[in-house]
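# Descriptive structure summary
One letter stands for each residue in the lines below.
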Protein chains: 2
Amino acid sequence: MSQGNQPHAMVQMAHGSGGGATHRLIRDLFVRCLGNPILEQLNDAAVIAWVDLQGRGASAPRAEFPGAGVEASGVGSRAPGEGEAAKWRVAVTTDSFVVKPLFFRGGDIGRLAVCGTVNDLAVCGALPRYLTLGMIIEEGFPLEQLERVVLSIRETCREAGVQVVTGDTKVVERGQADGLYINTTGVGMVPPGIQLGGERARPGDAVLISGTIGDHGMAVLSERAGISWETSIESDCAPLNGLIQAILAVAPDVRCFRDPTRGGLAATLNEIAAQSQAGIRVEEGAVPVSDAVRGACEMLGFDPLYVANEGKMVAIVPEARAGGILDVMRRHPYGRMAARIGEVVREHPGMVTLRTGIGGERILDMPEGEMLPRIC
Amino acid sequence: MSQGNQPHAMVQMAHGSGGGATHRLIRDLFVRCLGNPILEQLNDAAVIAWVDLQGRGASAPRAEFPGAGVEASGVGSRAPGEGEAAKWRVAVTTDSFVVKPLFFRGGDIGRLAVCGTVNDLAVCGALPRYLTLGMIIEEGFPLEQLERVVLSIRETCREAGVQVVTGDTKVVERGQADGLYINTTGVGMVPPGIQLGGERARPGDAVLISGTIGDHGMAVLSERAGISWETSIESDCAPLNGLIQAILAVAPDVRCFRDPTRGGLAATLNEIAAQSQAGIRVEEGAVPVSDAVRGACEMLGFDPLYVANEGKMVAIVPEARAGGILDVMRRHPYGRMAARIGEVVREHPGMVTLRTGIGGERILDMPEGEMLPRIC
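Residues numbered from 1 in each chain as written. Chains lettered and ligands numbered in written order. Predicted model: local features only at pLDDT ≥ 70, side-chain atom pairs only at ≥ 80, totals over all residues. Heavy atoms only, no water.

## Brief notes about the relation of the copies chain A and chain B
The criterion, for reference: All copies are superposed by least squares; the fitting set is the C-alpha atoms of residues with a pLDDT of at least 70 in both. In this description, contact between two residues means that some pair of their heavy atoms is separated by no more than 4.5 Å.
Overlaying chain A with chain B gives an RMSD of 0.0 Å, the required rotation being 180° about an axis along which the chain moves by 0.0 Å. On the angle and the small slide along the axis, the relation comes out as a two-fold axis. A shared binding surface is used by both copies, with 99% of the interface residues of chain A retained as interface residues in chain B.

Below you can see the structure in the form of structure tokens.
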């Protein structure tokens, strides 16, 4: 890795920010050491073809699934190609949650752990089906709080239509794990025909957001700092699979969905720009931000474009579809404040620019340091 | 939950022991709140039928997999029945690793995280395919150590024939997470015809173990305590999928495999006795224990029957198969010291007894407290 020549290089909070440092750690360590065609997709969930699941090139019999043999000529696993998209595929994603505090306005670590993983599946076009639940609990954690978290998981699973199918419990000594860390891994099914990915953005496409930004990050920060605003700020934490399926039902040619969590909208748009090698231009005035979040950000010195969301998504869509998709979004409870916030452009490939209210245009960078640690 | 009436009840180290307290927490909280037929299998991995994956009773089309319609008359998910075992199924398992220290003789947290999850899939008869990798890293953790762990993951993945397909990285502040916690979730495929489960043990069956017990727990404990024995004790940490597949190739009618990790052989045998409602009788003198582990256990006051293993498995097999299976085990590098250690009996259903060298017989209880915390 790039820091490999520095024997005393250490992991920093920024490595968990979702911004530049995280991306470099993933590329220079995890992908370099563990790379394979599925991992290298680097989308929110890994999408695996049936033929790979059954062991492409392995001795396992495949005859049960007629048609699978078509792709079986390749040896070794690879990312699913266009041909395989004609079949059901399996999507897998994982997320650990270390949010502090565990309970906050609009949610808690349990709801967050279900929504985060459900949304990573949903933005890949998968129908979320199953979750695994790994809990690392601090010795002395009140069982009553643990039960509150589990009940919140149950309620959110019901809302999202997923089931917890297996789990694991570890207990660590007092002073470790800050009460509770949760890992959820999700398994979903991608229906035939769905092809989504950041690399599919094309100049001329519209950039949509499903609602106001910055709510989750500012809600958690307020809770942690013990600030109560005049207008309360609530986390937007919500499962988006219903909204995404409603959109795909009318517009199967969406280029990509992405949920702007750590690193906020700025990090997500930079990822899409980098993957597609197109430019993205955002109209600052078009980005929905609640008055409460805007006020809190101004007072505390944050930019809402970099603050995490847990119930919002970006959609890159063909321009001709934008109006229809916005209509669908706005009719859904989790998309009422949806807006068109920009477009994909030929200029400045791989970069995101922000057109400000007074007509200027500046680069919207990938975030670097860690502004708001432990928000998910 | 049973502790629900005690408002100040707290999570204790014993809740993570793999023994009685863990089982009660799982039953009284997780299963009670989140229960569904797949979760309630309570095997090492959840096994899911194709028809469930594609959404039993949902509107998703199923026509692609001829034959799936046979089971599609049921509505809502349920555990796969005998009929579904005629098809490939998906197995999913999750494990978080909080071992202390991170590096020990014979392994490290990376090798452990791959083996633990691979083995949970393998004992269910699944061919392990894919892993997800969730890392919670302490701020200040040396990148050089992180790289050692990732390289160990790579090497163990190659040995086991699995790929890391997606991951997640979180960073927590100094003083949290003891350097590094890892969650691995595994996805595997169960070939048609495989039916394994603790509930399948029958009186008359033989109980086999693939080698010496107690090595992992005593290796980690020695490392933690800074003890160096005259004869070194090494963790047995190893992927068992190759060994298990070799056995299934000659004896597809094995009743069940189980890897005796937390809680050791005693906890595993108690689980099988409870699931099958048969008794299990173990010959103490037949259980292989290395001299080094036996000596260390005597000196430190541990019973090897309760000490964790990470590269061993119990097999419950029809008596007539025992000899042939032992031959297969002993030809495999991870089964050289395999032994027949007891039998399933009609007496004392649900309980395990130990026949001692001097001819006595005593109950081998499910472990209660936490003897050796943080060994996986």
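## Describing the pattern of salt bridges
Worth spelling out the cut-off: A pair is scored as a salt bridge if a Lys or Arg side-chain nitrogen falls within 4 Å of a carboxyl oxygen belonging to Asp or Glu. Note on classification: 1.4 Å probe, protein chains only; a residue is buried when its accessible area is under 20% of the maximum for its type, exposed when over 50%, partly exposed between these limits.
Following the criterion strictly, the structure yields 45 salt bridges over all chains and no others. When the shortest N-O distance is used, the salt bridge between Asp-168 of chain A and Lys-170 of chain A registers 3.0 Å. Using a relative accessible area of 7% as the deciding quantity, one classes Asp-168 of chain A as buried. One salt bridge in this structure joins Asp-28 of chain B and Arg-27 of chain B, with 2.9 Å as the shortest N-O distance.

## Let's talk about the packing of helix H5 (residues 215–225) of chain A against helix H8 (residues 291–300) of chain A
Residue and element names in this part refer to chain A. Note the following rule: Note on method: axes are straight lines fitted to C-alpha atoms, helices fitted across the in-contact stretch only, with angles between N-to-C directions ranging 0 to 180 degrees. Here a helix means four or more residues in a row that DSSP labels H or I, a strand means two or more in a row labelled E, and each is numbered from the N terminus. Each angle receives one of four descriptions, namely roughly parallel if under 35 degrees, roughly antiparallel if over 145, roughly perpendicular if within 65 to 115, and oblique otherwise. With the far helix as reference, a near helix turned anticlockwise by less than a right angle produces a left-handed crossing, and one turned clockwise produces a right-handed crossing. Residues are sorted three ways: Asp, Glu, Lys and Arg are charged, Ala, Val, Leu, Ile, Met, Phe, Trp, Tyr, Cys and Pro are nonpolar, and all the rest, Gly among them, are polar.
Following both chains from N to C, one finds H5 and H8 inclined at 60°, their axes separated by 10 Å at the closest point. Our classification of the angle between H5 and H8 gives oblique. In the packing of H5 onto H8, the handedness of the crossing is left-handed. Along the contact surface, H5 presents Asp-215, Met-218 and Leu-221, while H8 presents Val-293, Ala-296, Cys-297 and Leu-300. In terms of residue class, the contact of H5 with H8 is built from six nonpolar, no polar and one charged.

## With respect to the sheet that holds strand S6 (residues 163–172) of chain B
The pairing of strands in a sheet comes from backbone hydrogen bonds and takes either a parallel or an antiparallel form. Residues and elements named next belong to chain B. Defined as follows: Paired strands, as defined in this entry, are two strands with at least two bridges between them according to DSSP.
In space, the five strands of this open sheet follow the order S1-S2-S7-S5-S6, with mixed pairing throughout. Of all the strands in the sheet, the pair left with one neighbour each is strand S1 (46–49) and S6. If you compare each strand with its neighbour and ignore which way they point, the axes differ by 15° on average. Bridge count between S1 and strand S2 (residues 89–97): four bridges; the pairing is antiparallel. In the strand pairing of S2, Ala-46 is matched with Val-92. Seen against the sheet, helix H4 (residues 143–160) touches strand S5 (127–138), S6 and strand S7 (180–190) and runs at an angle of roughly 175° to S5.

## Some thoughts on helix H3 (residues 109–122) of chain A
Residue and element names in this part refer to chain A. Note the cut-off: Multiplying 1.5 Å by the helix residue count minus one yields the expected span of that helix. Polar contact criterion, stated in full: a pair of N or O atoms within 3.5 Å, where within protein one must be able to donate a hydrogen and the other to accept it, and residues adjacent in sequence count only if both atoms are side-chain atoms.
Its 14 residues give H3 an end-to-end C-alpha distance of 19 Å, which sits within 8% of 20 Å, the value for a rise of 1.5 Å per residue. For H3, a buried count of 14 out of 14 residues is recorded, marking the element as mostly surrounded by other parts of the structure. The N-cap residue of H3 is Asp-108: its side-chain oxygen and the backbone nitrogen of Gly-110 are 2.7 Å apart.

## Here we look at the interface of chain A and chain B
Test applied: When two parts are put together, the accessible area they lose, computed with a 1.4 Å probe and summed over both, is reported as buried area.
In this assembly, 89 residues from chain A lie in contact with 88 residues from chain B. Overall, the association of chain A and chain B removes approximately 8,000 Å² of surface from exposure, summing both partners, and the carbon and sulfur fraction of that is 65%. Broken down residue by residue, the surface that chain A buries against chain B is led by Val-11, Leu-143 and Lys-170 of chain A, which jointly contribute 9%. Applying the counting rule to chain A against chain B returns 10 salt bridges. A salt bridge links Arg-262 of chain B to Asp-168 of chain A, with the nearest nitrogen and oxygen atoms 3.0 Å apart. Summed over the shared surface of chain A and chain B, the number is 29 residue pairs in polar contact (both at pLDDT 80 or more). If you list the elements that add at least two residues to the side of chain A that touches chain B, you get helix H1 (20–34), strand S1 (46–49), helix H2 (50–53), strand S2 (89–97), strand S5 (127–138), helix H4 (143–160), strand S6 (163–172) and strand S7 (180–190) of chain A. Of the residues that constitute the side of chain A that touches chain B, the class distribution is 47 nonpolar, 22 polar and 20 charged.

## Things to note about the sheet that holds strand S12 (residues 339–345) of chain B
All names here are of chain B. With respect to topology, seven strands assemble into an open sheet ordered S9-S11-S8-S12-S10-S13-S14, the strand pairing being mixed. Of all the strands in the sheet, just strand S9 (256–258) and strand S14 (361–363) have a single pairing partner and so form its edges. Within the sheet, the average angular offset between the axes of one strand and its neighbour, ignoring direction, is 25°. Relative to strand S13 (residues 352–355), strand S10 (residues 279–283) runs parallel, the two sharing four bridges. Its bridge partner being in S13, Arg-281 is matched across the sheet by Thr-353. Packing against the sheet, helix H9 (residues 322–331) makes contact with strand S8 (206–209), strand S11 (314–317) and S12, and its axis sits at approximately 5° to S8.

## Description of the environment of Gln-12 of chain A
Here Gln-12 of chain A lies in the segment before H1. Dropping the residues within four chain positions of it, Gln-12 of chain A is found in contact with Glu-139 and Val-171 of chain B.

## Looking at the packing of H1 of chain A against H4 of chain B
Their axes nearest at 8 Å, the elements H1 of chain A and H4 of chain B cross at an angle of 30°. The angle between H1 of chain A and H4 of chain B places the two elements in the roughly parallel class. The crossing of H1 of chain A and H4 of chain B is right-handed. Contact with H1 of chain A, carried on its side by Leu-25, Leu-29, Phe-30, Arg-32, Cys-33 and Leu-34 of chain A, involves Leu-143, Leu-146, Glu-147, Val-150, Leu-151, Ile-153 and Arg-154 of chain B of H4 of chain B and no other residues of that element. When its residues are assigned to classes, the contact of H1 of chain A with H4 of chain B shows 10 nonpolar, no polar and three charged.

## Regarding the confidence of the model for chain A
Residue and element names in this part refer to chain A. The condition that has to hold: The pLDDT value expresses, per residue, how confident the predictor is, ranging between 0 and 100.
Here chain A averages 89 in pLDDT, and 90% of its residues register 70 or above. Within the model, the stretch residues 1–5 combines pLDDT values under 50 with 10 contacts to residues more than four positions away or in other chains. The low-confidence segment residues 57–80 (pLDDT under 50) makes 52 contacts with residues lying over four places distant or belonging to another chain. Scoring of the predicted complex yields 0.91 for pTM and 0.90 for ipTM.

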